[in-house]
Amino acid sequence: MELSNRQEQIIEIVKGNGPITGEHIADRLHLTRATLRPDLAILTMAGFLDARPRVGYFFTGKTGFELLTENIKKMEVHDYQHVPVVVKEDVSVYDAISTMFLEDVGTLFVVDDHACLIGVLSRKDLLRASIGQQDLNAVPVHIIMTRMPNITVCRKEDALIEVAQKLINKQIDGVPVVKDTEHGLEVVGRITKTTITKVFVELVMEDHV
Ligand code: ADP
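Residues numbered from 1 in each chain as written. Predicted model: local features only at pLDDT ≥ 70, side-chain atom pairs only at ≥ 80, totals over all residues. Heavy atoms only, no water.

1. Section: the domain arrangement of the protein
Basically, it comes down to this: Where each domain starts and ends follows an automatic or database-derived domain assignment.
Segmentation of the protein into domains returns domain 1 (5-62) and domain 2 (77-200). If you average the C-alpha positions of domain 1 and of domain 2, the two centres end up 49 Å apart.

2. Topic: the sheet that holds strand β4 (residues 107-111)
Counted only if it meets this: Whether two strands pair comes down to DSSP finding at least two bridges between them. Counting from the N terminus, the helices are DSSP H or I runs at least four residues long and the strands are E runs at least two residues long. It only takes one pair of heavy atoms within 4.5 Å for two residues to be counted as in contact. Here, axes are lines fitted to C-alpha atoms. For helices the fit covers the stretch in contact, and angles between N-to-C directions go from 0 to 180 degrees.
What the 4 strands build is an open sheet, ordered β3-β4-β5-β6; its pairing is mixed. Taken across any chain shown, the strands that pair with only one partner, and hence form the sheet edges, are β3 (86-88) and β6 (146-147). Contacts from helix α5 (residues 93-103) reach β3, β4 and β5 (117-122), with the element oriented near 130° to β4. Packing of helix α6 (residues 123-130) onto the sheet brings it into contact with β5 and β6, and relative to β5 it is tilted by some 75°.

3. Some details on the packing of helix α2 (residues 22-29) against helix α3 (residues 33-46)
Operational definition: The cut-offs work like this: below 35 degrees is roughly parallel, past 145 is roughly antiparallel, 65 to 115 is roughly perpendicular, and the gaps in between are oblique. Crossing handedness: left-handed means the near helix sits turned counterclockwise from the far one by under a right angle, and right-handed means the same turn made clockwise.
Their axes nearest at 9 Å, the elements α2 and α3 cross at an angle of 110°. As far as their axial angle goes, α3 and α2 are roughly perpendicular. Of the two possible hands of crossing, α2 and α3 adopt the one that is right-handed. Contacts between α2 and α3 involve G22, E23, I25, A26 and L29 from the former and R33, L36 and L40 from the latter.

4. Some points on helix α8 (residues 193-205)
Our working definition: A helix's residues, less one, multiplied by 1.5 Å, set its expected span. Each residue gets one of three labels from its accessible area relative to the maximum for its type: buried under 20%, exposed over 50%, partly exposed in between, using a 1.4 Å probe on protein chains only. Read the arc as the range of directions from the helix axis to the C-beta atoms.
Over its 13 residues, α8 extends 19 Å from the first C-alpha to the last, a length consistent with the 18 Å expected when each residue adds 1.5 Å. Among the residues making up α8, those that are buried are T195, V199 and L203. Looking straight down α8, one finds that the buried residues subtend no more than 80° of arc, so they occupy a single side. Set apart from the buried face of α8 by more than 90 degrees, the exposed residues are F200, V204 and M205.

5. What about the site of the ligand?
This is how the line gets drawn: Each residue is tested against the molecule or strand, and it is near if at least one of its non-hydrogen atoms lies within 4 Å. We define a polar contact as two N or O atoms separated by no more than 3.5 Å, with the added condition that, inside protein, one atom must be a possible hydrogen donor and the other a possible acceptor, whereas residues neighbouring each other in sequence contribute only through side-chain atom pairs. Throughout, the Shrake-Rupley method with a 1.4 Å probe supplies accessible areas, and for residues the shown protein chains are the sole cover considered. We call Asp, Glu, Lys and Arg charged. Ala, Val, Leu, Ile, Met, Phe, Trp, Tyr, Cys and Pro are nonpolar, and the rest, Gly among them, are polar.
Every one of the 15 residues lining the ligand counts as a neighbour, but S122, D125, T146, T152 and D173 are closest to it. Here K124 contributes a side-chain N or O atom positioned 2.9 Å from an oxygen atom of the ligand. At a separation of 2.8 Å, a nitrogen atom of the ligand approaches a polar backbone atom of T152. Contact with the protein chains hides 83% of the accessible area of the ligand, taken as 540 Å² for the molecule alone. Those elements giving two or more residues to the shell around the ligand turn out to be β5, α6 and β7 (174-181). Classifying every residue of the shell around the ligand gives 5 nonpolar, 6 polar and 4 charged.

6. Remarks on a nonpolar patch on the surface
So the rule is basically this: The residues that make up patches have over 30% relative accessible area and no salt bridge, and they are joined within 9 Å when like-charged or within 5 Å when they are Val, Leu, Ile, Met, Phe, Trp or Tyr. Salt bridge, as used here: a side-chain nitrogen of Lys or Arg that lies within 4 Å of a carboxyl oxygen of Asp or Glu.
There is a patch of nonpolar side chains on the surface, built from F200, V201, V204 and M205 and spanning about 470 Å² of accessible area. For V204, the location among the structural elements is in helix α8. Under the relative-accessibility criterion, V204 is labelled exposed at 65%.

The following block contains the structure:
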């Protein structure tokens, strides 16, 4: 987050004199309290300053980097997940390949009639199955998929950074977002390496703190 000159000045005043009221900060800058209000609100929301009623503002001591880290840790799956692309276990490898192209995804989730997770298909799973195969229409995906219970999943309230760690540790491109139901783990979303890359770029482009 880029701070304006005035915001930097406010931080310096509060650092040296806190706790200090908004009125007193305004006096030192020869401005009115009303002029300062938006800056104080931004600095408080971003976590640089804290405000206590009837006491005033004080400096939290946190650097921009610490605040950024805190905010990243607060990001949860539900705010970033995409729609999952799913197939049934009896579709052919040929149809799964077509779906992957049509939907423009790298991972398909295989589900049962209750939309519950039973398998995962990656690009390489489908490539492997295609090598030397005569008729890809005759091979159902359940023969080649990675199956439950060996599937790494996440839930909507999980921290996004933990999901990113799972992608790295397990060397996979994506995980399904699941919801616990009486029939099993219903697939409700997906988080992929692309999701994480987009968040990384947005952190810089959207002045995010
Ligand atoms: P690719 O195989 O195209 O490089 P991945 O790295 O995602 O793509 O997949 C590697 C292997 O891990 C594949 O066999 C795939 O079925 C399996 N896999 C993919 N996603 C998961 C997951 N969430 N949990 C467990 N296994 C997975």
